[in-house]
Every structure is written in C-alpha cells, then in structure tokens.
Amino acid sequence: MKTVDVVVVGAGIAGLSAAIYLKRSSLSLVLLEKMAPGGKLLNIHEIDNYPALGSVSGPELANKAFEQCNALGVDYQYGNVMSIEKQGDVFYVTTDMERYEAKAVIIAVGTEKLKAGVPGENEFNGRGVSYCATCDGNFFKGKEVAVIGYKDQAAEEAIYLAGLASRCYFINPKPLEAAESHLEVLKGKENVVMMEAELLRIEGDKLVNKIVVKSGEEEKEIPVSGVFPLYGEKSAASFLAPLGVELERGFMVCDANMNTNVPGLYGAGDIVAKKLRQVVTAASDGALAATSAIGYVHMLRKK
C-alpha cells in the first residue's frame, strides 16, 4: 500500500489542473488515470473558447498540461479505480494495480458516452459504429457517414467529419441544443444534410452499410459506411455509491469550493452536477478542489 496526502482520480483537464495546484503546495499526491492523460480533450478537434489560447486542439492542450505536471514532478500512475472506502479520516483507494491510503480524494473521472440503444449498435461497434469522430474519422475519408445527436458535441463532430466524408448526415432525434455558430457552419457546407429524425436501427453485413430512420410516420433507409451516435453523456460516479456521496441524476453534488457531503472528498470537472461543462470550467473546478483539499489536510494535521 502506498500512502499520500491526496489521491486525484482522473487525468482530464480537471485532474491535471488539480495535480498542478497540489504539487505546488507541500502535500504529496498521486494522479491516477485508467486511459491516456487528457481525458475528453483527446477527442476534441478544436477548442476556440479557452482564454488566451485562441484556437488549439484538444490533444495539444492535454499534452501541454501533462508536460507541465511532469515538469513539476507529479506522480502519475496507471490505475482503474475499483473502490474507495473511508475509515475515520483515512481514505483507501483500490485500483486494479495498487492500493493507496490518503487523507483526501479528488474525483475527476468525467463522464461516459450514452448509447442510442438501437438494434445493430453493439453488433457493429468498431465495424462502422464509433463514438469519436476525431479518433476514427480517417477511416471514412470519401465515404458517407451519419452523426446522430442534437447537442454541441454532435455538431462539432459533424463539422469535423464533413471535412473528411463525401457526405455527412446530421440527424437530430430531438430539438437542437447546439450553438448557433456550429449550426451555421453545418448549414454552409454543401456535403452536409441536416434532418430531424429518430434512429431506428443500424444494418450491414460485416460492416455498416445503412441506417434506418423515422421522420414523422415515414421510415427511410440511408446508405452510410459510418455511424456516430452522439446522444450525450452520463455520470461515471457509480463506484462512489458505498461512500454515501450525494448525487443528482448520477452527478456529484458539490458546493462552490467543490466539497461533497463526505469530508475530504471533492469533485471536479464533468462529474459534478452543474450547468456548464466546458474545458475552462473543468480547469477551474480542479484548482478549487485542490485548494480545498490542501486546507482540509492541513486542518487534519493540526488535530
């Protein structure tokens, strides 16, 4: 078992921000991540609303933040967190690789993709069905694809795919909630077809070759090679249930300083119940959570 002052779970921008603030204090920490550092940033083609940076790709921003952590000497470890327990004032964080003892824990695990839940989705996952355009878009160069969604992420991914595919269908199962600026870009692209319809099923042979949608009372087949169901995201906080953390629709309830109802446990980033989930707010959450954790650990030391 390894002992540190603070365990940070998740190395997206919220976790990286928290790690930077913690490392600049007198506390010891470990930053845990089950995938690659950067989290959701790795799937964002372009960020143009982060102050002072102008336009930057998600992977570029993630790499810069991770390099900053490395330069500071942050202890970064692979680890898929299986459970978190608390006994008295001590947390025990168990991963598939190691067990950690800490005085405070910051949860910055982000969210998980929501699936469409239609026939063919699981069957063709990885064989035409993808949930990340920037990851898999190159497989569909010069081909026809469909993006199913109605929020900002779906519109952003459709814009990216329109630059690769011969035709991109942007199919909205619900009224659009995407930014007007993104919708205007889509409307201005000749190879983008926008329609309001419900995805019924995904079909193919060994690979996807069409989708079936319903608009009004009419069913329609659309020939495509790639399908990107981007309905949004859900909380990844289920592993926190044994701690009795207060949740709102699955997301962690935190106060203005990122405190939860469990002393010493903090939330940061998209896992938190809040109105705006953006890169800049996630970075802010990480800084606040770290600052709160620093104060909490110092308070325990004075006991």
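Residues numbered from 1 in each chain as written. Predicted model: local features only at pLDDT ≥ 70, side-chain atom pairs only at ≥ 80, totals over all residues. Heavy atoms only, no water.

A. Focus on unusual backbone geometry. A positive phi angle is found at Ala 52, which is not glycine, with a value near 80°. Mapped onto the fold, Ala 52 is located in the loop between strand 4 (47–50) and strand 5 (54–56). Although it is not a glycine, Arg 249 adopts a positive phi angle of roughly 55°. Structurally, Arg 249 is set in the loop between strand 20 (247–248) and strand 21 (251–252). (Helix = DSSP H or I, 4+ residues; strand = E, 2+ residues; numbered from the N terminus.)

B. Expanded view of the sheet that holds strand 16 (residues 208–215). Pairing within the open sheet is antiparallel, and its 3 strands lie in the order 15-16-17. Of all the strands in the sheet, just strand 15 (198–204) and strand 17 (218–222) have a single pairing partner and so form its edges. Here the strands of the sheet are splayed against their neighbours by 20° on average, with no regard to which way each runs. Relative to strand 16, strand 15 runs antiparallel, the two being bridged by 6 bridges. Bridge pairing in strand 16 places Arg 201 opposite Val 212. (Pairing = 2+ DSSP bridges. Axes fitted to C-alpha atoms, helices over the stretch in contact; angles between N-to-C directions.)

C. Layout of the layout of surface pockets. There is about 240 Å³ of room inside the second largest pocket. Contributions of two or more residues to the lining of the second largest pocket are made by helix 1 (13–23), helix 2 (58–72) and helix 6 (279–301). If you tally residues by element for the lining of the second largest pocket, the top one is helix 1, at 5 residues. Its residues assigned to classes, the lining of the second largest pocket comprises 10 nonpolar, 2 polar and 1 charged. (1 Å grid on protein atoms, 1.4 Å probe; cavity = no way out; pocket = protein on both sides within 12 Å on 5 of 7 lines; lining within 4 Å. Points joined across faces, edges and corners; volume = space filled by probe spheres on them. Nonpolar A, V, L, I, M, F, W, Y, C, P; charged D, E, K, R; others polar.)

D. Looking closely at the packing of aromatic side chains. Taken as a whole and judged by the stated rule, the model has 2 aromatic pairs. Summarising the aromatic geometry, the rings of Phe 66 and Tyr 76 are spaced 5.0 Å apart at their centres and angled 75° between planes, so their arrangement reads as edge-to-face. Here Phe 66, found in helix 2, pairs with Tyr 76, found in strand 6 (residues 76–78); they are 10 residues apart in sequence, far enough to count as distant. Taking the relative accessible area as the measure of exposure, Phe 66 reaches 17% and is therefore buried. Between Phe 140 and Phe 228, the aromatic rings sit 5.7 Å apart at their centres with planes inclined by 75°, giving edge-to-face as the arrangement. (Phe/Tyr/Trp six-rings, centres within 6.5 Å; stacked < 30°, edge-to-face > 60°. Buried < 20%, exposed > 50% of the residue type's maximum accessible area, 1.4 Å probe, protein only.)

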